[in-house]
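Spelled out, the chains give:
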Amino acid sequence: MVWETLDSIEAEAKARQFLKQKHSIVWIFFRMIYKEENIWILHGELKLKRAFFFPTTRSFKIKVNADTGEVVSCEETEVPQSKDVE
């Protein structure tokens, strides 16, 4: 039996599915996608629905196993919101 590994589009779809199961998302933006050995690494930002007028933005780094399609790690960091100065 021959196993096919994921390509970058399939890795992005797996990451998107993982994030949507974890959060209520307004949008997802992938900044960088690259492969190291059998792991796809995806960097990007997502905007989450929070309270009525207060969405929040986070950056993320997700690692997806190219052989199994499983998300092996996910790191998220809050992106500081700029405040307008009067």
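In what follows, the structure referred to is the one given above.
Residues numbered from 1 in each chain as written. Predicted model: local features only at pLDDT ≥ 70, side-chain atom pairs only at ≥ 80, totals over all residues. Heavy atoms only, no water.

Quick word on unusual backbone geometry
Part 1: Even without a glycine there, the phi angle at Glu37 is positive, about 55°.
Part 2: Of the residues examined, Glu37 reaches a relative accessible area of 77% and is grouped as exposed. (Buried < 20%, exposed > 50% of the residue type's maximum accessible area, 1.4 Å probe, protein only.)

Notes on the pattern of salt bridges
Part 1: Under the defined criterion, the tally for this structure stands at four salt bridges.
Part 2: Residues Lys22 and Glu76 are paired through a salt bridge, measuring 3.3 Å at the closest nitrogen-oxygen approach. Taken as a pair, Lys22 in helix α1 (residues 8-22) and Glu76 in strand β4 (residues 71-78) lie far apart in primary sequence, 54 residues in all.
Part 3: Exposure remark for Glu76: the relative accessible area of 23% places this residue in the partly exposed category.
Part 4: The network of salt bridges with common partners includes Lys22, Arg58, Glu76 and Glu78. (Salt bridge = Lys/Arg side-chain N within 4 Å of Asp/Glu carboxyl O. Helix = DSSP H or I, 4+ residues; strand = E, 2+ residues; numbered from the N terminus.)

Re the sheet that holds strand β1 (residues 25-36)
Part 1: Here we have four strands laid out as an open sheet, ordered β1-β2-β3-β4, and antiparallel in their pairing. Bordering the open sheet on either side are β1 and β4, each of which pairs with just one other strand. Here the strands of the sheet are splayed against their neighbours by 20° on average, with no regard to which way each runs.
Part 2: Relative to strand β2 (residues 39-51), β1 runs antiparallel, the two sharing ten bridges. From the neighbouring strand, Phe29 faces β2, where its bridge partner is Glu45.
Part 3: Along the sheet face, α1 touches β1, β2, β3 (54-65) and β4 and points at about 140° away from the line of β1. (Pairing = 2+ DSSP bridges. Axes fitted to C-alpha atoms, helices over the stretch in contact; angles between N-to-C directions. Contact = heavy atoms within 4.5 Å.)

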